[in-house]
Amino acid sequence: MFWFQGNSMQLAKYSIQLLMRNLSASKNVLPVLTLFTKDPCPLCDEAKDILEPYKNRFILQEVDITLPENSAWYERYKFDIPVFHLNGQFLMMHRVDISKLEKQLQKLEQQGAGGRRTPS
């Protein structure tokens, strides 16, 4: 079941394109942590500072929800940023939950490839 509403195929396609572009640009297969943000966003800036020690374990992809091409994300997350997805799957919102992030990163690392995800 898709958790997307509205333009589900467009959103899924966009997420997959971001994931594939980042994975192909990287020599190592790392998971993609997508940050849905806008400018200004003090909580997003705080979240990025908290994530700094983990930056070698994922590729950070920022999506500005205020851009016209991201209007579906804006409608979904306008009151909830920062929002994070890991490899296209919702992970957390409002604040960074380090224990949740660490648990999911370890799970992906144990699978041997950050870009592959098995259904839970």
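Residues numbered from 1 in each chain as written. Predicted model: local features only at pLDDT ≥ 70, side-chain atom pairs only at ≥ 80, totals over all residues. Heavy atoms only, no water.

Looking up the protein chain in an unreviewed UniProt entry gives the name Glutaredoxin-like protein, with the organism given as Ailuropoda melanoleuca. Checking UniProt for the protein chain, the heading Sequence similarities (unreviewed entry) contains the comment "Belongs to the glutaredoxin family." (UniProt positions renumbered as here; feature names shortened; annotations may be inferred.)

Once that is clear, we can look at the overall build of the protein chain. In terms of helices and strands, the protein chain carries four helices and four strands. Along its sequence from the N terminus, the protein chain presents helices and strands in the succession α-β-α-β-α-β-β-α. Burial analysis of the protein chain (120 residues in total) assigns 39% to the buried set. Residue pairs at least 24 apart in sequence account for 66% of intrachain contacts in the protein chain once pairs closer than 6 positions are excluded. (Helix = DSSP H or I, 4+ residues; strand = E, 2+ residues; numbered from the N terminus. Buried < 20%, exposed > 50% of the residue type's maximum accessible area, 1.4 Å probe, protein only. Contact = heavy atoms within 4.5 Å.)

Ranked by internal contacts, the top residues of the largest apolar core, which has 14 residues, are Leu-33, Leu-51, Phe-84, Leu-91 and Leu-101. Taken together, the elements giving at least two residues each to this core come down to strand S1 (32–37), helix H2 (42–51), strand S3 (83–86), strand S4 (89–93) and helix H4 (98–111). The greatest single-element share of this core, amounting to three residues, is contributed by H4. Not counting the four nearest positions on each side in its chain, Leu-33 is found in contact with Leu-51, Phe-58, Ile-59, Leu-60, Gln-61, Phe-84, His-85, Leu-86, Leu-91 and Leu-101. Counting nine residues, the second largest nonpolar core, distinct from the first, contains Cys-41, Ile-65, Tyr-77 and Val-83. (Core = buried A, V, L, I, M, F, W, Y, C linked by side-chain atoms within 4.5 Å.)

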